[in-house]
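# Remarks on the overall topology
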Amino acid sequence: MHAFEGLTVVISGGASGIGAAAADAFAARGANVAVVDLNPNETHWSHRCDVSDDHQVRGAVAAAAEHFGGIDILVNNAGIGAVGTVEENSDKQWFRVLDVNLLGMVRLARACLPHLRESEHAAIVNTTSIAATAGLVGRALYSASKGAVHSLTLAMAADHVAEGIRVNAVSPGTADTPWVQRLLDQSEDPAAERARLEARQPTGRLVSAEEVAAAILYLADPANKSLTGASLAVDGGVGGLRIVR
Ligand code: NAD
């Protein structure tokens, strides 16, 4: 029997990149997959939803729970980027990025919790970033949003452990997704910029979306009952290693 047979997983941002790889991997292991995304596609059962709109989030979660008869796992993965120092982003940009990256996860968790309480195998996995724990140049707003997700994960893990709901985070390094490709396309020399990003990785290559998805499944796996309040880095070693060549 597959690890996730009969379980229903809601995945935000499940139409692209890391979320799409997680959706495919959960489905391959027997899960019912419900994608909530701003731009859904037809790959899995999907509901169009902007996570910055509480009404839409509640509607999407209710639709998924009704369609599949409950919700066991939430993968809070939708996120957007931001470039700039504290002097360079407007208040409007700060509110927008925090609204999607942080409050989007709060809204989805709030809507899913009543369903998770009904599950024997409840788990939440939040996608954070190495930017939460390492100072990166020109990423003040994005890093603050992911640092908040890191802290939120710990607080939620504490709040819900007695209810049998595990809460963990996956912390990807630079992953080869449409997001990173969009950033590369904006640079003057995308091939040179890709080579620079790869050289920054101790492994010499970008993380794949499938590798991050595998970590998400590990954190959500009902077999890992003692795993809560953890942050699992999938970053090619960039967060912890100092390679002197
Ligand atoms: P992606 O752009 O390929 O996919 C993001 C998905 O989120 C898209 O399908 C998009 O439509 C959806 N989305 C965006 N805003 C939304 C909203 N308001 N409501 C609902 N859906 C929305 O990006 P990705 O690289 O797969 O990133 C996924 C997550 O991983 C993000 O939280 C990101 O911060 C995090 N992350 C990515 C990297 C990386 O290098 N790619 C590194 C660390 C962390």
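See above for the structure.
The structure displayed is predicted, hence computed values, not measured ones.

### A closer look at the site of the ligand
Around the ligand there are 30 residues in total, and Ser16, Asp37, Tyr142, Ala175 and Thr177 lie nearest to it. Residue Ser16 places a side-chain N or O atom 2.7 Å away from an oxygen atom belonging to the ligand. A distance of 2.8 Å is found between an oxygen atom of the ligand and a backbone nitrogen or oxygen belonging to Asn77. Starting from 840 Å² of accessible surface for the ligand in isolation, the protein chains cover 94%. Applying the majority rule of atoms within 2 Å of the grid points places the ligand in the largest pocket. Those elements giving two or more residues to the shell around the ligand turn out to be helix H1 (17-28), helix H3 (91-116), helix H4 (140-160) and helix H5 (178-186). No other element matches H5, which puts four residues into the shell around the ligand. Of the residues in the shell around the ligand, the class split is 13 nonpolar, twelve polar and five charged. Split by domain, the residues of the shell around the ligand number at least three in each of domain 1 (8-172 + 208-232) and domain 2 (176-206).

### What about the side chain of His44?
Following the sequence through the fold, His44 ends up in the loop between strand S2 (32-37) and strand S3 (45-48). Of note is the side chain of His44, whose polar atom sits 2.7 Å from the side chain of Asp24.

### Quick word on the layout of surface pockets
Approximately 1400 Å³ is the volume found for the largest pocket. What lines the largest pocket is a set of 50 residues, and nearest its centre among them are Ile80, Gly81, Tyr142, Trp179 and Val180. Breaking the lining of the largest pocket down by element, the ones donating at least two residues are H1, S2, H3, H4, H5 and helix H6 (190-200). Ranked by residue count, the leading element in the lining of the largest pocket is H5, at seven residues.

### Things to note about the pattern of salt bridges
Throughout the structure, instances matching the rule amount to nine salt bridges. Across the pair Arg107 and Asp99 runs a salt bridge whose closest N-O atoms are separated by 2.6 Å. Across the pair, Asp99 and Arg107 agree in class, each one buried. One salt bridge connects Glu193 with Arg196, and the closest N-O pair in it is separated by 2.9 Å. One end of the pair, Glu193, and the other, Arg196, are both in helix H6, three residues apart, so they sit about a helical turn from each other. Assessed through its relative accessible area of 23%, Glu193 is described here as partly exposed. Judged by its relative accessible area of 47%, Arg196 falls in the partly exposed class.

Scoring rules and cut-offs
Residues numbered from 1 in each chain as written. Predicted model: local features only at pLDDT ≥ 70, side-chain atom pairs only at ≥ 80, totals over all residues. Heavy atoms only, no water. Near = heavy atom within 4 Å. Polar contact = N/O pair within 3.5 Å; in protein donor to acceptor, adjacent residues only side chain to side chain. Areas by Shrake-Rupley, 256 points an atom, 1.4 Å probe, with all protein chains shown as cover. 1 Å grid on protein atoms, 1.4 Å probe; cavity = no way out; pocket = protein on both sides within 12 Å on 5 of 7 lines; lining within 4 Å. Sits in = over half its atoms within 2 Å of the grid points. Helix = DSSP H or I, 4+ residues; strand = E, 2+ residues; numbered from the N terminus. Nonpolar A, V, L, I, M, F, W, Y, C, P; charged D, E, K, R; others polar. Domains from an automatic or database assignment. Points joined across faces, edges and corners; volume = space filled by probe spheres on them. Salt bridge = Lys/Arg side-chain N within 4 Å of Asp/Glu carboxyl O. Buried < 20%, exposed > 50% of the residue type's maximum accessible area, 1.4 Å probe, protein only.

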